[in-house]
Amino acid sequence: MKLPLMPTIELLKSPTLLIKILAFSLISISFFFLGHRFSSLPPLLSLPFSSSSPQLPQPQHVAISPNSINPPLIPQTLADAILTPPPSPPPPPEPVVERMGVLDEKGAMADNFEVGEVKEGVVEVEETGGEERVEGEERVRVERYELCEEGKREWIPCLDNVEAVKRLKRVDRGERFERHCPGDGKGLDCLVPAPEGYRKPIPWPQSRDEVWFRNVPHTRLVEDKGGQNWISIKGDKFVFPGGGTQFIHGANQYLDQISQMVPDIKFGRHIRVALDVGCGVASFGAFLMERNVTTLSIAPKDVHENQIQFALERGVPAMVSVFATRRLLYPSQAFDLIHCSRCRINWTRDDGILLLEVNRLLRAGGYFVWAAQPVYKHEENLQEKWKEMENFTSRICWELVKKEGYIAIWQKPLNNYCYLSRGADVQPSLCDPSDNPDSVWYVELKACITKLPENGLGANVSEWPQRLHDPPDRLQSIEMDAYISRKEIFRAESKYWKEIIQSYVNAYHWKELNLRNVMDMRAGFGGYYPCSNSHTCCGINFISFNRAPDERFYNHLNRYWLPEFTSTDITAGSCDCLRFAAALHDLEVDCWVMNVVPVSGFNTLPVIYDRGLIGVLHDWCESFDTYPRTYDLLHASGLFSIERKRCNVSTIMLEMDRILRSDGLVYIRDSVTVMDELEEVGTAMRWVCARHDTGEGPHASWKVLRCDKRRL
């Protein structure tokens with residue numbers, strides 16, 4: 001029997017019943033999803049007495065009933081609060097960092113290290129881009145630099161400042177021959193022209209004996225010194241017979257005589273670095289090169305004003321310098337031998353202040369060679385000068401080793417024993433202990449004896465050529481933030497820079513270019529550092545290696561300072577200790593290098609001289625003490641990244657153009673952040689420049705800018 005369908009249909013049509021069904025369905029679905037969610041919660045929400053859950057302390061703001069049979073239904077926000085731990089208290093303030101570096105005081109690798117503070121007024125930038133520049137500094141853009149007037153073709157800005165010389169209160173001590181740089185807006189702003197008919201210099205060693213007349217068209221020395229076998233004119237050349245005022249029969253015979261007088265003077269072994277004062281045309285230094293001695297020849301720009309220019313044209317190390325009222329720009333104990341042959345200097349004037357400067361410059365145990373009329377002539381006034389010289393040298397503890405003919409040779413003591421044994425009233429006195437004998441930039445002469453280091457630093461150098469490769473003991477005396485790791489720093493650059501210089505020599509055919517006079521504008525230990533924005537060694541403030549550096553050390557080194565650097569490069573005894581100058585020597589490039597140490601960094605000149613190299617302190621915001629057109633190659637690594645904070649890039653590059661010979665070369669290794677500006681200024685000076693990648697590849701933060709100076 002069929003049931004009637006109408007009541008069922010009517011029931012379904014009832015709105016009250018439909019609402020109840022929908023509500024029940026929604027409630028059922030909600031409970032299903034809530035049950036599913038809370039079944040997957042961590043044990044934190046399980047019952048506190050459950051044996052399957054670990055006993056955990058409950059948060060104070062949540063109470064769970066111990067009589068609960070099932071977990072309570074906790075809102076999601078409350079669950080999130082339970083799962084989120086309370087905030088940690090703020091860390092205590094970090095202590096003041098007094099020492100900066102990759103290594104801590106115990107020699108261990110630091111996880112966090114400081115690389116130095118940013119000076120006020122300097123904008124910090126990202127490592128991969130941007131620039132660092134002093135706020136307010138204006139970059140001067142010049143489309144094209146013009147030639148200077150003809151009267152400036154021999155111009156040395158800081159030595160030819162006529163206005164400053166006129167304002168001097170006295171000139172009797174040689175003040176007019178010292179540096180007097182022009183003020184702001186009065187410096188070099190044009191290209192110094194070459195003389196008419198200028199030719200590419202004659203290559204070494206032929207240039208030792210002859211140079212083109214048109215390159216140094218001055219006849220004053222021929223007129224004054226032609227009869228003394230200095231210089232003569234033959235056709236379109238100056239000829240240098242090799243003589244001098246006191247050695248008219250030639251420099252070689254003169255050098256043989258010195259060696260016979262004092263056999264311990266072993267040129268090329270004990271005697272490696274010499275200073276020739278009042279050098280004439282530098283024949284003394286030119287012929288010493290055959291005996292493995294590098295001689296720096298100096299003279300003022302006086303009535304014989306072109307003698308230094310002749311020396312440099314010949315390819316002999318030289319610069320304009322004078323014994324007057326300021327220290328010479330070389331460190332203490334720099335020279336193994338100092339020579340003066342008729343140099344027209346009154347050594348004993350003003351309480352012997354000039355000879356005391358010689359004493360500062362002379363290495364412990366070094367020799368002073370004096371060839372002059374008071375040595376051998378018997379006129380009363382000349383004999384009086386000899387007695388003054390003899391008396392004063394005995395008071396500063398020099399020993400008169402030999403006097404023969406017209407030559408007298410003294411030797412400086414090896415230690416302070418004689419100085420300390422003198423009577424209390426003997427003059428001159430020892431210099432104040434606070435006096436730094438290596439501080440020379442615009443420092444006045446002092447009439448006192450520079451005391452030698454008690455530990456023998458400076459006196460205990462190796463013989464040549466071993467001294468070129470041995471880390472000198474005076475490495476420990478440099479004012480930098482490092483201790484026993486300094487020798488490791490010295491060795492650390494060896495393999496890196498050997499590869500760089502070798503690549504220069506091979507890729508750019510340096511041996512075929514007849515390079516002779518070379519300058520490294522930021523020399524470091526006798527070469528340069530691969531860093532762009534630090535005055536420290538390679539940008540690192542090392543403290544100590546009490547144990548072998550771990551891998552983190554090399555990671556930091558690779559990332560920030562020396563790419564492609566490994567632990568094998570720092571192993572004691574595994575390196576050749578090559579830098580720019582040393583590498584050129586070992587790679588048999590027949591040139592000499594003037595190592596310039598900027599005043600903006602550490603003074604590493606003592607190390608340079610202890611290695612048997614030469615160098616000078618200088619501020620590249622001022623002109624260098626040399627004539628125009630005197631260097632074949634200028635090398636600058638990391639120089640502009642630092643100096644651009646002190647002066648305009650164009651100031652330095654115009655000075656580079658002044659001292660660079662026509663057809664000369666420039667190699668600038670620096671940050672990509674300065675390359676555009678360098679290229680811009682180089683183009684304005686009519687250089688032909690090309691940018692090259694370093695060994696680290698096209699995406700490295702450093703590039704090499706190679707420029708040719710074309711003849712105008």
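Thresholds applied
Starting afresh in each chain, residues are numbered from 1 along the sequence in its written order. With pLDDT at 70 or above as the cut-off, local features in this predicted model cover only qualifying residues; side-chain atom pairs require 80 or more to be listed or tallied, and sums for whole chains, interfaces and linings still use all residues. Note that the side-chain values use all heavy atoms of the structure and ignore hydrogens as well as water. Runs of E in the DSSP output that reach at least two residues are strands. Runs of H or I that reach at least four are helices, and both are numbered from the N terminus. Here a salt bridge means any side-chain nitrogen of Lys or Arg lying within 4 Å of a carboxyl oxygen belonging to Asp or Glu. Throughout, exposure labels follow a simple rule: accessible area from a 1.4 Å probe, protein chains only, divided by the maximum for the residue type, with under 20% read as buried, over 50% as exposed, and the rest as partly exposed. Two strands pair if DSSP finds at least two bridges between them. In this description, a line fitted to the C-alpha atoms serves as the axis of each element, helices being fitted only across the stretch in contact, and the angle between N-to-C directions of two axes falls anywhere from 0 to 180 degrees. By convention in this document, the label disulfide applies to cysteine sulfur atom pairs within 2.5 Å. Should any heavy atoms of two residues lie within 4.5 Å, those residues are counted as being in contact. Should an angle fall under 35 degrees it is taken as roughly parallel, and over 145 as roughly antiparallel, whereas 65 to 115 is taken as roughly perpendicular and any remaining angle as oblique. Each crossing is labelled by how the near helix is turned from the far one, with a counterclockwise turn of less than a right angle marking it left-handed and a clockwise turn marking it right-handed. Gly is placed with the polar residues, together with every amino acid not listed as nonpolar (Ala, Val, Leu, Ile, Met, Phe, Trp, Tyr, Cys and Pro) or charged (Asp, Glu, Lys and Arg). Two aromatic rings from Phe, Tyr or Trp, using only the six-membered ring of Trp, form a pair when their centres are within 6.5 Å; if the ring planes differ by under 30 degrees the pair is stacked, by over 60 it is edge-to-face, and anything between is tilted. Both cavities and pockets are sets of points on a 1 Å grid over the protein atoms alone; in a cavity a 1.4 Å probe fits but cannot get out, in a pocket the set is open with protein on both sides within 12 Å along at least five of seven lines, and lining residues sit with an atom within 4 Å of a point. Grid points are joined across faces, edges and corners, and a volume is the space filled by probe spheres set on the points. Working definition of a nonpolar core: buried Ala, Val, Leu, Ile, Met, Phe, Trp, Tyr and Cys residues. They are joined through side-chain atoms within 4.5 Å. What pLDDT reports is the predictor's confidence in each residue, on a scale of 0 through 100.

Tell me about the environment of Cys-448, and please be specific about residues and values.
For Cys-448, the position within the fold is in the loop between helix H12 (417-421) and helix H13 (466-469). Expressed as a C-alpha distance, the spacing of Cys-448 and Cys-431, which sit 17 residues apart in the sequence, is 4.9 Å.

With reference to specific residues and values, describe the pattern of salt bridges.
In the structure shown here, the tally under the stated rule is 43 salt bridges. Taking the shortest distance from any N to any O, the salt bridge between Asp-160 and Lys-301 comes out at 2.6 Å. Of this pair, Asp-160 sits in the loop between helix H3 (76-83) and helix H4 (162-166) while Lys-301 sits in the loop between strand E5 (294-299) and helix H8 (307-314), and the two are 141 residues apart along the sequence. Here Asp-160 falls in the partly exposed class, since its relative accessible area comes to 25%. Connected via shared salt-bridge partners are Asp-336, Arg-363, Arg-467, Arg-474 and Asp-610.

Account for the pairing of strand E10 (residues 407-411), with residues named and values stated.
In terms of burial, E10 is largely enclosed, as four of its five residues are buried. One ladder, built from five bridges, connects strand E8 (residues 362-371) with E10; its direction is antiparallel. Its bridge partner lying in E10, Phe-368 is registered against Trp-410. Here five bridges tie strand E9 (residues 399-404) to E10, and the two strands are oriented antiparallel to one another. Looking at E10, one finds that Glu-399 is bridged to Gln-411. Following E9, the chain reverses through two residues before pairing antiparallel with E10; Gly-405 in that reversal takes a positive phi of roughly 60°.

Describe the sheet that holds strand E1 (residues 210-212), and please don't skip the residues or the numbers.
The antiparallel open sheet is built from three strands, whose spatial order is E1-E3-E2. A strand with exactly one partner marks an edge of an open sheet, and here the two such strands are E1 and strand E2 (232-234). Across this sheet, the average inter-strand angle for adjacent strands is 35°, counted without regard to direction. Where E2 and strand E3 (residues 237-239) come together, three bridges link them in antiparallel fashion. Within E3, the position partnered with Ser-232 by the bridge is Val-239.

So, the state of the cysteines: which residues are in play, and what are the values?
All chains considered together, the criterion is met by seven disulfides. What pairs with Cys-148 in a disulfide is Cys-190, and their sulfur atoms sit 1.9 Å apart. Across the S-S bond of Cys-148 and Cys-190 the torsion is about 105°, and the bridge reads as right-handed. In this pair, Cys-148 is assigned in the loop between H3 and H4 and Cys-190 in the loop between H4 and E1, connecting sequence segments 42 residues apart.

Give me the sheet that holds strand E6 (residues 318-320): which residues, what numbers.
In space, the seven strands of this open sheet follow the order E6-E5-E4-E7-E8-E10-E9, with mixed pairing throughout. Across the chains shown, the open sheet's two edge strands, defined by having one partner strand only, are E6 and E9. Each strand axis lies, on average, 20° off the axis of its neighbour in the sheet, ignoring direction. Bridge count between strand E7 (residues 335-341) and E8: six bridges; the pairing is parallel. Along E8, the bridge assignment pairs Leu-337 with Tyr-367. Relative to the sheet, helix H9 (residues 349-361) contacts strand E4 (273-277), E7 and E8, its axis offset from that of E8 by approximately 135°.

I'd like a description of the packing of helix H20 (residues 649-659) against helix H21 (residues 672-684), backed by residues and values.
Here H20 crosses H21 at 45°, and the two axes come no closer than 10 Å. It follows from the interaxial angle that H20 and H21 lie oblique. Taken as a pair, H20 and H21 cross one another with a handedness that is right-handed. Where H20 approaches H21, its residues Val-649, Ser-650 and Met-653 are matched on the opposing element by Glu-677, Leu-678, Val-681 and Gly-682.

Could you give an account of the side chain of Glu-655, with specific residues and numbers?
Along the chain, Glu-655 falls in helix H20. Judged by its relative accessible area of 3%, Glu-655 is buried. In this structure, Glu-655 is in contact with Leu-188, Trp-620, Ser-623 and Phe-624, ignoring residues within four places of it in sequence.

Talk me through the environment of Glu-390; I want residue IDs and the actual numbers.
Summarising the element assignment, Glu-390 is placed in helix H11 (residues 380-395). C-alpha separation for the pair Glu-390 and Trp-410, spaced 20 residues apart in sequence, amounts to 9.9 Å.

Give a detailed account of the packing of H9 against H11, specifying residues and quantitative values.
Where H9 meets H11, the closest approach of the two axes is 11 Å, and the angle between their N-to-C directions is 70°. It follows that H9 is roughly perpendicular to H11 by the angle criterion. By crossing handedness, the relation of H9 to H11 is classed as right-handed. Of H11, the residues touching H9 (which contributes Asp-351, Gly-352, Leu-355 and Leu-356) are Met-389, Phe-392 and Thr-393. Residue composition of the contact of H9 with H11, grouped by class: four nonpolar, two polar and one charged.

Describe the packing of aromatic side chains, listing the residues and the values that go with them.
Any aromatic ring pair is given by two values, namely how distant the centres are and how the planes are angled relative to each other. Applying the stated criterion across every chain yields a total of 19 aromatic pairs. Each ring, one from Phe-213 and one from Phe-238, has its centre 4.9 Å from the other, and the planes form 35°; the classification is tilted. Here Phe-213 is found in the loop between E1 and helix H5 (220-225), whereas its partner Phe-238 is found in strand E3, with 25 residues between them in sequence. Summarising the aromatic geometry, the rings of Tyr-254 and Tyr-406 are spaced 6.4 Å apart at their centres and angled 5° between planes, so their arrangement reads as stacked. Of this pair, Tyr-254 sits in helix H6 (residues 251-261) while Tyr-406 sits in the loop between E9 and E10; the two residues are 152 residues apart in sequence, bridging distant segments of the chain. In this structure Tyr-254 comes out as buried when scored by relative accessible area, which is 1%. Judged by relative accessible area, Tyr-406 falls into the partly exposed class, the value being 23%. Feature note: the residues Phe-323, Trp-347, Phe-368, Trp-370, Trp-386, Trp-398 and Trp-410 constitute an aromatic cluster, connected by ring pairs.

Which residues make up empty space enclosed by the protein, and what are the values?
This structure, assessed with the given rule, holds nine cavities of 30 Å³ or more. Its volume calculated, the largest cavity comes out at about 220 Å³. Surrounding the largest cavity, 16 residues form its lining, Arg-179, Ser-321, Arg-327, Leu-329 and Asp-625 being those nearest its centre. The residue makeup of the lining of the largest cavity, split by class, is 10 nonpolar, one polar and five charged.

I'd love a proper account of the nonpolar core, names of residues and values included.
Counting residues in hydrophobic clusters, the biggest one holds 125 residues, and the most contacted among them are Trp-347, Phe-368 and Met-594. The residues contacting Trp-347, other than those within four sequence positions of it, are Val-277, Phe-323, Cys-340, Gly-352, Leu-354, Leu-355, Val-358, Phe-368, Trp-370 and Met-389.

Give a description of the side chain of Gln-307 that names residues and reports values.
Structurally, Gln-307 can be placed in helix H8. Beyond its immediate sequence surroundings of up to four residues, Gln-307 is in contact with Leu-221, Cys-279, Gly-280, Val-281, Ala-299, Pro-300 and Asp-302.

Provide a residue-level description of the confidence of the model for the protein, including the pertinent values.
For any part of a model where pLDDT is low, the fine detail of the predicted coordinates should not be relied upon. Averaged over all residues, the pLDDT of the protein equals 79, while 70% of them reach at least 70. Taken element by element, the protein is modelled with least confidence in helix H16 (residues 551-560), mean pLDDT 40, and with most confidence in E10, mean pLDDT 98. In the model, residues 40-83 has pLDDT below 50 throughout and makes 25 contacts with residues more than four positions away in sequence or in other chains. Of the regions scoring below 50 in pLDDT, residues 94-103 engages in 29 contacts with residues more than four places distant in sequence or in other chains.

Describe unusual backbone geometry, and please don't skip the residues or the numbers.
Note that the residue after Trp-204, namely Pro-205, is joined by a cis bond; omega there is 10°. Its location among the elements puts Pro-205 in the loop between H4 and E1. Put simply, Trp-464 and Pro-465 share a cis peptide bond, and its omega is 10°. A positive phi angle is found at Ala-282, which is not glycine, with a value near 70°. Tracing the backbone through its elements, the reader meets Ala-282 in the loop between E4 and helix H7 (283-288). On the basis of relative accessibility, which here comes to 0%, the residue Ala-282 falls in the buried class.

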